[in-house]
Amino acid sequence: MSRLPVADRGTVRRALRDMISRHRRAVGVVLALHSAAALAGLAPPWLLGAIVDRVTAGAPVATVDRLALAIAGCVLVSALLSRFAQYVGHRFGERAVAELREQFVTRTLGLPVSVVERAGSGDLATRSSVDVATVGTTVRDVVPTIVIASVQLTLLFGAVFLLHPLLGLAALAGLPSIVAVTRWYLRRASSAYLTEGAASAELTEALTTTAEGARTVEALRLTDDRIRHGTTRVVRVWQARRATLALRTVFFSVVEASYPLPVAMVLLVGGYLLTRDMVSLGAVIAAALYLQQAIDPLDRLLQWTEQAQRGFASFARVLGVGLVPPEPPGTTATSRGERLVVRGARFSYSGGHDVLHGIDLEVQPGERLAVVGPSGAGKSTLARLLAGIDAPRLGVVSIGGCPITDLEPAERRRRIALVTQEHHVFIGSVRDNLSFAAPDASDEQMRAALVTVGADWYAELPDGLDTVLGDDARQLGAAEAQQLALARLVLADPHTLILDEATAALDPSTARRTERALAAVLVGRTVIAIAHRLNTAHDADRVAVLADGRITEIGSHDDLVAATGRTRRSGTPGTRRPTSA
Ligand code: ADP
């Protein structure tokens, strides 16, 4: 399993800058509104200080009333401004998240099939659910909160300095422990959260593969093995979470203990200055109130910095999907004809040992070739090379003289289709299910395709092509789903079809129906059919026997049946049943 890449810090910063610069205006408005709200919020403590000073100087009650009214006004203005700022901020957040999701979907759909298969569905599933959601909250709530808190803190500390520079210095003296512990935390948090994310992805992967393969697990008595496998993943997640929890525990306790320090310092220094008549009592009270007010934004800033770290790690994982080199765009190389040629093809999965050892094969247009051989011989791997999903490590697979992997991916899929046992029905209408194979197909063509594959059930659907299929709607049986997949093929109309055990997982009567449908699809195409047994290959023009990654025999069915006398005695390939499909 090779994980999908994770973006480095530089890439994440660039992506953030891009996001902000795309929404420059909204971000500007949000900042301006929050600054205005914070400014309005500065007045009440100052006015309170003024009340104290006036009362000390013997001012009349009316003065106090006026000042109190001004305080109420400022609070109201500040609340209105920040409410509006939040509204604009959330709109910006929602837009940015929507863009991010769209980008993510586009990038994911652009991933080469082989990369997705090797990364495993768990990694991609975690990134598309947990990570995208975390980035969403970060952009929508966390970043604005951090920005607002920073603005408020700057203004509050600035105000204390304005009251008296010595009071300002005293306030700052309470900050070093907070700054130190924050730096300590930030240095460790990012990698700790990345580890936590990777551990969660592995756990999801372990659980989904076990659930998907539940029958195999039972059949092969792998239950204990899978439980152990799952348990080690759970333990890793537990350890990763413990590590991040340990960081938070130190961070928050130091921070909590540090909050009262600036207020205490200001009161101490303020008391001393007051005795020397260097500041008024009102100024000291205002400064203490400002610092009391600063606790809330400081708290938010630090708490959300933590969340921002998670967001940053998730963003790195989301962006990582875009770092996978896209499917090679193909060259302008043109291929003439549809003759498939394999020369000296060797292949290994992710740097392991070779599973194909120099395959040479030529398939003429219109020919039907069956590939038989025992399980694990490399038939499916050969099918993937022929379909251009994987490229050979050495050697070449070409169509009409052009290496398959040099063709545009779309062009390749139009010409060669790989049909496996998977026949996914997408939630959506019959038309949706058919049209992605051929977006321009008319209703007539779709109906004709369904008729070709013998999907008579389609005539009884309540809304015809608009009938919704899928989970809560009409469910298709295995044979019907397979027919739908075949109708898709008829519409896509590829020249070459590679069938990889397309009907092996169906029960015999369903398989017969599907094979009849399949026969209709095969007419006029080059067909390479993979089968476990020689007797399913009787209507092929030629049969290739694959054993241990090599073609050991190739010839007409009759030639091989004659030879099977020999092979049967030695126990290959016609007699051996697959152990797993
Ligand atoms: P067949 O289709 O003849 O049963 P495969 O092509 O599926 O054979 O497998 C050939 C060999 O490659 C086997 O040893 C199998 O274990 C290995 N193999 C198949 N798929 C993968 C994969 N995704 N990663 C690593 N090894 C694989």
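Residues numbered from 1 in each chain as written. Predicted model: local features only at pLDDT ≥ 70, side-chain atom pairs only at ≥ 80, totals over all residues. Heavy atoms only, no water.

Caption draft 1: Inspection of the site of the ligand at higher detail. In the vicinity of the ligand, the contacting residues are Y349, V355, P374, S375, G376, A377, G378, K379, S380 and T381. Look at the ligand: alone it shows 560 Å² of surface, and the protein chains cover 56% of it. At 3 residues, the largest contribution of residues to the shell around the ligand is made by helix α12 (residues 379–386). Residues belonging to the shell around the ligand are distributed by class as follows: 4 nonpolar, 5 polar and 1 charged. (Near = heavy atom within 4 Å. Areas by Shrake-Rupley, 256 points an atom, 1.4 Å probe, with all protein chains shown as cover. Helix = DSSP H or I, 4+ residues; strand = E, 2+ residues; numbered from the N terminus. Nonpolar A, V, L, I, M, F, W, Y, C, P; charged D, E, K, R; others polar.)

Caption draft 2: Region of interest: the packing of helix α5 (residues 121–163) against helix α6 (residues 165–173). Two numbers describe how α5 lies on α6: the axes approach to 5 Å, and their chain directions differ by 140°. When the axis of α5 is compared with that of α6, the two are oblique. Within the contact between the two elements, α5 uses F157, V160, F161 and L163 and α6 uses P165, L167, G168, L169, A171 and L172. (Axes fitted to C-alpha atoms, helices over the stretch in contact; angles between N-to-C directions. Parallel < 35°, antiparallel > 145°, perpendicular 65-115°, else oblique. Contact = heavy atoms within 4.5 Å.)

Caption draft 3: The arrangement of the packing of aromatic side chains in detail. Overall, the coordinates contain 4 aromatic pairs when judged by the stated rule. Ring geometry for F84 against Y87: centres 6.3 Å apart, planes inclined by 25°, an arrangement best described as stacked. You can see F84 and its partner Y87 sitting in helix α3 (residues 61–109), 3 residues apart, about one turn around the helix. Residue class for F84 comes out partly exposed when judged on its relative accessible area of 44%. In this structure Y87 comes out as partly exposed when scored by relative accessible area, which is 42%. Arranged with centres 4.3 Å apart and planes meeting at 10°, the rings of Y185 and F251 form a pair that is stacked. Taken together, the residues span a long stretch of sequence, with Y185 in helix α7 (residues 176–212) and F251 in helix α9 (residues 223–258) at a distance of 66 residues. Per residue, the accessibility class of Y185 equals that of F251, and both read buried. One aromatic cluster in this structure is built from Y185, F251 and F252. (Phe/Tyr/Trp six-rings, centres within 6.5 Å; stacked < 30°, edge-to-face > 60°. Buried < 20%, exposed > 50% of the residue type's maximum accessible area, 1.4 Å probe, protein only.)

Caption draft 4: Structural view of the sheet that holds strand β5 (residues 402–403). Taken in spatial order, the 4 strands of this open sheet run β2-β1-β4-β5, and their pairing is antiparallel. The open sheet terminates on both sides in strands that have one partner only, identified here as β2 (354–363) and β5. (Pairing = 2+ DSSP bridges.)

Caption draft 5: Geometry of the domain arrangement of the protein chain. Taken domain by domain, the protein chain comprises domain 1 (9–323) and domain 2 (340–570). Taken together, the 4 residues of domain 1 in the interface contact 6 residues of domain 2. When domain 1 packs against domain 2, close to 350 Å² is buried across both sides, 37% of that on carbon and sulfur atoms. Counting every contact that joins domain 1 to domain 2 gives 0 salt bridges. Here domain 1 is connected to domain 2 by 0 residue pairs in polar contact (both at pLDDT 80 or more). Of the residues assigned to the side of domain 1 that touches domain 2, the class counts are 1 nonpolar, 1 polar and 2 charged. (Domains from an automatic or database assignment. Buried area = accessible area lost by both parts, 1.4 Å probe. Salt bridge = Lys/Arg side-chain N within 4 Å of Asp/Glu carboxyl O. Polar contact = N/O pair within 3.5 Å; in protein donor to acceptor, adjacent residues only side chain to side chain.)

Caption draft 6: Just the side chain of D131, in detail. In this fold, D131 is placed in helix α5. When residues no more than four places from it in sequence are discounted, the contact partners of D131 are T126, S314, R317 and V318.

Caption draft 7: Molecular detail of empty space enclosed by the protein. For the coordinates displayed, the defined rule picks out 2 cavities of 30 Å³ or more. What lines the largest cavity is simply F157, L175, Y259, P262, V263, L291, A294, I295 and L298. At the level of elements, α10 (260–275) and α11 (281–320) are the ones that each hand at least two residues to the lining of the largest cavity. Top element by residues in the lining of the largest cavity is α11. It accounts for 4 residues. By residue class, the composition of the lining of the largest cavity is 9 nonpolar, no polar and no charged. (1 Å grid on protein atoms, 1.4 Å probe; cavity = no way out; pocket = protein on both sides within 12 Å on 5 of 7 lines; lining within 4 Å. Points joined across faces, edges and corners; volume = space filled by probe spheres on them.)

Caption draft 8: Looking closely at unusual backbone geometry. We note that D277 has phi near 60°; this positive angle belongs to a residue other than glycine. Among the structural elements, D277 can be located in the loop between α10 and α11. In this model, D548 sits at a positive phi of 50°, which is unusual for a non-glycine residue. Relative to the assigned elements, D548 resides in the loop between β11 (542–547) and β12 (550–555). Judged by its relative accessible area of 59%, D548 is exposed.

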